[in-house]
Amino acid sequence: MKAIRRFTVRPVLPEPLRPLSDLARNLRWSWHADTRDLFQSVDPERWAASDRDPVRLLGSVSAERLAELAEDSRFLRRLTEVAGDLADYVDGDRWYQTQSADLPAAVAYFSPEFGVTAALPQYSGGLGILAGDHLKSASDLGVPLIGVGLLYRHGYFRQSLSRDGWQQETYPVLDPNELPVALLREADGSPAQVSLALPGGRSLRARIWLAQVGRVPLLMLDSDIEENDLGERGVTDVLYGGGSEHRLLQEMLLGIGGVRAVRTYCRLTGHPEPEVFHTNEGHAGFLGLERIAELCDAGLDFDAGLEAVRAGTVFTTHTPVPAGIDRFDRELVATHFGPDAELPRMDVEHILRLGMETYPGGEPNLFNMAVMGLRLGQRANGVSLLHGQVSREMFSGLWPGFDPEEVPITSVTNGVHAPTWVAPEVFRLGARQIGAQRTEDAMTVGGSDRWDAVAEIPDQDIYELRRELREQLVVEVRERLRASWRQRGAGSAELGWIDGVLDPDVLTIGFARRVPSYKRLTLMLRDRDRLMDLLLHPERPVQIVVAGKAHPADDGGKRLVQELVKFADDPRVRHRIVFLPDYGMAMAQKLYPGCDIWLNNPLRPLEACGTSGMKAALNGCLNLSVLDGWWDEWFQPDFGWAIPTADGTGTDPDHRDDVEAAALYDLLEQRVTPRFYERGQDGLPDRWIEMVRQTLTLLGPKVLAGRMVREYVERLYAPAAHAHRAMTPDAARELAAWKGRVRAAWHGVSVDHVETSVATTTAELGTTLSLRVRVDLGGLAPDDVEVQAVSGRVDPEDRIADATTVPLKPAGGPDQEGHWVYEGPLALDRTGPYGYTVRILPAHRLLASSAELGLVAVPSEELVQQGGVLMR
């Protein structure tokens, strides 16, 4: 019989065991080994059966066992010690508290997904895992972050396979009462709520669940409550599901409802109000509208409110392809705002203008969430150096007249949270070398360029560590493969072969990630005979573990999964290559340490960063990757291999895949496998071990999320907080009025005449020229602009590269026509073809970048032809 209703019966912990509840509710246990060990000792069998989730464990332990532990003095001593350690961690000073007093009092960090632990399945892939690592590292560093997201009642889908290898999805219902979260409550005990107005007089209400991630609160909005109608209850049903309106409502709830949730949390707890708001990808962009509305209610107009909000907003883009950005029909957005819907006192046209693609090549009827994020954030970044470059080119239409390198989008390369992803065995090896506390500090705070202590670890220890981790992976793979085949309908009698799958002494390659087409899951299958030869080589075999989910609506991705599964089902190779369904955090934590090679072969430059290879590297796994994302930035032959790419614009896609697959096979056959299997005089693969050592020594400190969060604090959060404080209401009104005046006058701004002190087209290195420029400021004053000389080497088409800019100064007042003359020196500091130009930019003390307005005046083509401004 089926129950008509379910509810959770919580155990009553004996008084001496009450701290267990606090330890279970703070997700620090997910990266703190001593806390996990304590819970395991409560009941080892139930701990394993609960998937190592303390909340589920405590909900299943018998009252007799709890009573027994309440009398166990040894257990109680351990409990007191671990609870005390958590209290010190939460309340004590950490890195952030030792920095200058100018840092933000608090930062709100918005993301559509957070991958903190498998026990809180609110993530689909890299964006969510990155967000979870950001929170954990902020906690370790003491950064006063408030995370904001949604609580999806079905999370992301669970993946299984049909008998013929087709991906199947299920959506298990998550009961928040069985998750490590608690309702945020008002002083009277009632659940705190936020509410959004919808068209037609309807409302969207949401409760606020609180997950405590170490020191960092994570607020998660949940619309599945009785006060909502059926349609509104389903808004937070599935991560990245539904049609356009469904996604729009999710993003309105995340952005607008999220700001209201932050205000509620700060009111109820006394937490400092955020000075900086960080938008992790465009999904949360509507948060800027809510903050403008707050300021308008306090007396500012829209334009001044926009300037005030921009000053304290950081926007991070994660996609290098336009298809990865949420875009909505203009009319759909318009119907959800204005007098009969949300933000009723705000002019809908003002809202639409923030997201419309009003630039060459844009779709004028589409509202673009990333474009809105960039227009609402004074500071923006990509997530690797290469991705920053790609983003500047992709969004350059928002800054017409500027070269892509001048587009104000910087980069902070992603990192990963080492305590989450480093195997306990790797940590213990480090602790034996330099002590547990120093190892923990190195992995969390970071700050050094090298981990030189790794040089002292004996080769034998590294070799034994790597084999132990490989052996653990073999056991894990066999368990998961057996479970998968049972789901596919196989009987136990058919599955004896699984006991021979993988070998702990064979070179093991890992490939696990989402399955969009650009990540090329099946590139390894391009020449199947050659792959089979690699898998079955009599002396130097390889084995491959593959995992990944295709989006439920992506049949192309599902076909790739099926193609890989069918190859892996072949009895000739199924002991050497496996596909594991339902890739998630729990699987990943075994997969990264157990592999010798992490394979990554996306289409360059379509991977923004990619962090799975970073997690593998922290465990001594070597990367074999296309030069994309972070690998383009940090690759060295000392610790991995680069797959050559054929990414020229004219390359046929099939030909490109053939070329790059052949390069991959060549590397494996000629360089990777010989290096793994060759033995030195002591019988160890000493050259391979040296590459593992270099990976840990040189890559380890770079790939840390601690390094990443410190960069965000120093390069983005602190400047944003300073700008926020400077943007008083009067300053915001001043800047908005100034921008309006400059935009209105800019059509009259021009460069009229340029002359130099050298008449010839050659000059000697070290010469200083005198520039004299006449400009029309169109009614603006010299204080409103900066006139610059821009110089540098030129290419055959006279484009300036590696430009140097020098401000020119007015020489007296305006002439009778109202024109101004500017003068200044131009030093010729480089040999070879050299050129210069001049330009006029808006200038104001409150601008974060001279490109901020997207306005620039340069000499006309006619003037350039007259000027002869090129030197060779």
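Residues numbered from 1 in each chain as written. Predicted model: local features only at pLDDT ≥ 70, side-chain atom pairs only at ≥ 80, totals over all residues. Heavy atoms only, no water.

Chemist: Residue-level account of unusual backbone geometry, with values.
Modeler: Cis geometry marks the peptide bond from R604 to P605; its omega dihedral reads 0°. Along the chain, P605 falls in the loop between β18 (597-600) and α23 (612-617). The backbone of E281 shows a phi angle near 75°, a positive value even though the residue is not glycine. Here E281 shows up in the loop between β9 (276-280) and α10 (287-297). For E281, a relative accessible area of 5% puts it in the buried group. Despite not being glycine, D802 shows a phi value in the positive range, around 50°. As for its position among the elements, D802 is in strand β24 (residues 800-807). (Helix = DSSP H or I, 4+ residues; strand = E, 2+ residues; numbered from the N terminus. Buried < 20%, exposed > 50% of the residue type's maximum accessible area, 1.4 Å probe, protein only.)

Chemist: Give me the lowdown on the pairing of β24, citing residues and values where you can.
Modeler: As defined by bridge partners, strand β23 (residues 785-794) adjoins β24 across six bridges and the pair is classed as antiparallel. Bridging from a neighbouring strand, Q788 pairs with P807 of β24. Hairpin remark: β23 followed by β24, antiparallel, with five residues in the connecting loop; positive phi at D798, about 65°. (Pairing = 2+ DSSP bridges.)

Chemist: Tell me about the sheet that holds strand β25 (residues 809-810), and name the residues and values.
Modeler: Spatial ordering of the open sheet is given by β21-β22-β26-β25, a layout of four strands whose pairing is antiparallel. Strands with a single pairing partner mark the edges of an open sheet, and in this sheet they are β21 (749-756) and β25. In the sheet, β25 pairs with strand β26 (residues 820-827) via two bridges, with the strands oriented antiparallel. Residue pairing in the sheet places P810 in a bridge with Y822 of β26.

Chemist: Lay out the sheet that holds strand β20 (residues 640-643) with the relevant residues and their values.
Modeler: Reading across from one edge, β17-β16-β15-β18-β19-β20 is the order of the six strands in this open sheet, with parallel pairing throughout. Across the chains shown, the open sheet's two edge strands, defined by having one partner strand only, are β17 (577-580) and β20. Strand-to-strand twist in this sheet, taken as the mean axis angle between neighbours without regard to direction, amounts to 20°. As judged from the six bridges shared by strand β15 (residues 507-512) and strand β16 (residues 542-547), these two strands associate in the parallel manner. Across the sheet, residue A512 finds its bridge partner in β16, namely A547. Across the sheet, helix α20 (residues 528-535) lies against β16 and β17, angled at about 115° from β16, the strand it touches most. With respect to the sheet, helix α25 (residues 653-677) is in contact with β15, β16, β18, β19 (622-626) and β20, its orientation differing from that of β20 by roughly 165°. (Axes fitted to C-alpha atoms, helices over the stretch in contact; angles between N-to-C directions. Contact = heavy atoms within 4.5 Å.)

Chemist: Provide a residue-level description of α10, including the pertinent values.
Modeler: Buried within α10 we find L287, G288, L289, E290, R291, I292 and A293. With its phi angle positive at about 115°, G299 sits one or two positions after the end of α10.

Chemist: Report on the side chain of N600, specifying residues and quantitative values.
Modeler: Position of N600 relative to the elements: it lies in strand β18. Residue class for N600 comes out buried when judged on its relative accessible area of 8%. A polar atom in the side chain of N600 sits 3.2 Å from the side chain of S625. (Polar contact = N/O pair within 3.5 Å; in protein donor to acceptor, adjacent residues only side chain to side chain.)

Chemist: Can you explain the nonpolar core? Please cite residues and give values.
Modeler: If you look at the biggest cluster of nonpolar residues, it comprises 105 residues, and the most contacted ones within it are M524, I597, L624, W641 and W688. Tallying contributions element by element places α25 first for this core, with nine residues. Contact partners of M524, with chain neighbours within four places excluded, come to F511, L531, I544, V546, L564, I577, L599 and Y665. In this structure, M252, L289, A293 and M369 belong to the second largest nonpolar core, which totals 60 residues. (Core = buried A, V, L, I, M, F, W, Y, C linked by side-chain atoms within 4.5 Å.)

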